[in-house]
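# Examining the three-dimensional arrangement
The lines below spell out each chain.
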Amino acid sequence: MSRLDTAFAAIDAANAADPNLTDGQPAELLYGQRMTEQQRRLFPDASEPLQIACRGQHIERWTLPRRDFPMDRAGYLQWRQEQGRRHAARVAGIMADAGYDDADCQAATRMLTKQGIKRDADVQALEDVACFTFIRWYLGDFATTQPDDRLLRIVEKTARKMSADARARALAEFPMPDDFAAAFRAA
């Protein structure tokens, strides 16, 4: 088995323990597989650290529940930052165990902690993959839980996180209401 396959297997094994189910499967296991699917579509020549960062983006996410942080914007941002640190540490450990060198482990850590977003191509690629995964697989259900004005703000923020190429591709691939499409064009 290649070291990439070894890393994927370890991430999948960790995420298979997720007690939360989506479509009858452990939620984070399915999420990681969907991230890989989108990565392969959007960035077929991705480096191994980028491939692993995509697969491990939410590794064991359920172990740090959102409810453990204040239920305001600051608490949400604190939770996300801590999740990024935890995901990065766990993925870097898996990579080291699979035989990756420190430079590759650090590259995945930069991606998973979003260091250099909009400046580092791999960090931005991970963000683009995450946004495509959200739009393709999760936005529809999420939209039913949000008031229209809040949902539009979330779509605007999602569009701003994406690269110009990813926004253009999203406009071409996803049917969107006019206000969502306008948010993608304006970002």
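Look up a bit, the structure's there.
Report on the accompanying structure.

### Some thoughts on the side chain of glutamate 127
Looking at the element boundaries, glutamate 127 is found in helix 6 (residues 121–143). Looking at glutamate 127, the relative accessible area reads 5%, which means it is buried. Here glutamate 127 is in contact with Lys114, Ile117 and Lys161, once residues within four sequence places are set aside.

### Points about the state of the cysteines
A complete count under the given rule lists zero disulfides for this structure. Free of any disulfide, cysteine 105 has its nearest cysteine sulfur in cysteine 54, 16 Å distant. With a relative accessible area of 8%, cysteine 105 lands in the buried category. Summary of cysteine pairing: cysteine 131 is not part of a disulfide, and the nearest cysteine sulfur, belonging to cysteine 54, is at 12 Å.

### Brief notes about the nonpolar core
If you look at the biggest cluster of nonpolar residues, it comprises 47 residues, and the most contacted ones within it are Ile52, Tyr100, Leu126, Met162 and Phe184. Per-element tally for this core: the top contributor is helix 6, with nine residues. Discounting chain neighbours no more than four positions away, the residues touching methionine 162 are Lys118, Gln124, Asp128, Cys131, Phe132, Ile135, Arg167, Ala170 and Phe184.

### Some words on the packing of aromatic side chains
For the structure on display, the rule yields four aromatic pairs. An angle of 50° between the planes, with centres 5.9 Å apart, marks the rings of tyrosine 31 and tyrosine 138 as tilted. In this pair, tyrosine 31 is assigned in helix 2 (residues 27–42) and tyrosine 138 in helix 6, connecting sequence segments 107 residues apart. Of the residues examined, tyrosine 31 reaches a relative accessible area of 8% and is grouped as buried. Sitting above the plane of the phenylalanine 8 ring, arginine 55 keeps its charged end 4.4 Å from the centroid.

### Looking at the pattern of salt bridges
Evaluated as defined, the whole model comprises 10 salt bridges. Here glutamate 127 makes a salt bridge to lysine 114, at a shortest N to O gap of 2.9 Å. One end of the pair, glutamate 127, is in helix 6; the other, lysine 114, is in the loop between helix 5 (102–112) and helix 6, and 13 residues separate them in sequence. We classify lysine 114 as partly exposed; its relative accessible area is 24%. In this structure, arginine 169 engages glutamate 173 in a salt bridge whose closest nitrogen and oxygen atoms are separated by 2.6 Å. Of this pair, arginine 169 and glutamate 173 are both found in helix 8 (residues 164–173), four residues apart, which corresponds to roughly one turn of the helix. Here arginine 169 falls in the partly exposed class, since its relative accessible area comes to 31%. Among the ionic contacts, a cluster of salt bridges with common partners joins Arg41, Arg136, Arg169 and Glu173.

### Notes on helix 3 (residues 48–56)
With eight of nine residues buried, helix 3 lies mostly within the body of the structure. If you check which residues of helix 3 are buried, you get Pro49, Leu50, Gln51, Ile52, Ala53, Cys54, Arg55 and Gly56.

### Quick look at the environment of threonine 36
Positionally, threonine 36 belongs in helix 2. As a C-alpha pair, threonine 36 and proline 26 span 10 residues in sequence and 16 Å in three-dimensional space. Once residues lying within four places of it in the same chain are set aside, the contact partners of threonine 36 are Phe8 and Arg55. A distance of 2.8 Å separates the side chain of threonine 36 from the side chain of arginine 55, its partner in a polar contact.

### Regarding helix 7 (residues 148–161)
Between its first and last C-alpha, helix 7 extends 20 Å over 14 residues, near the 20 Å set by a 1.5 Å rise per residue. Taken together, the buried positions of helix 7 are occupied by Leu151, Ile154, Val155, Thr158 and Ala159. The buried side chains of helix 7 occupy one side of the element, clustering within an arc of 140° when seen end-on. Lining the buried residues of helix 7 we find helix 6, helix 8 and helix 9 (178–186).

Conventions and cut-offs
Residues numbered from 1 in each chain as written. Predicted model: local features only at pLDDT ≥ 70, side-chain atom pairs only at ≥ 80, totals over all residues. Heavy atoms only, no water. Helix = DSSP H or I, 4+ residues; strand = E, 2+ residues; numbered from the N terminus. Buried < 20%, exposed > 50% of the residue type's maximum accessible area, 1.4 Å probe, protein only. Contact = heavy atoms within 4.5 Å. Disulfide = S-S within 2.5 Å. Core = buried A, V, L, I, M, F, W, Y, C linked by side-chain atoms within 4.5 Å. Phe/Tyr/Trp six-rings, centres within 6.5 Å; stacked < 30°, edge-to-face > 60°. Lys NZ or Arg CZ within 6 Å of the ring centre and 35° of its normal. Salt bridge = Lys/Arg side-chain N within 4 Å of Asp/Glu carboxyl O. Polar contact = N/O pair within 3.5 Å; in protein donor to acceptor, adjacent residues only side chain to side chain. Expected span 1.5 Å × (residues − 1). Arc of directions from axis to C-beta.

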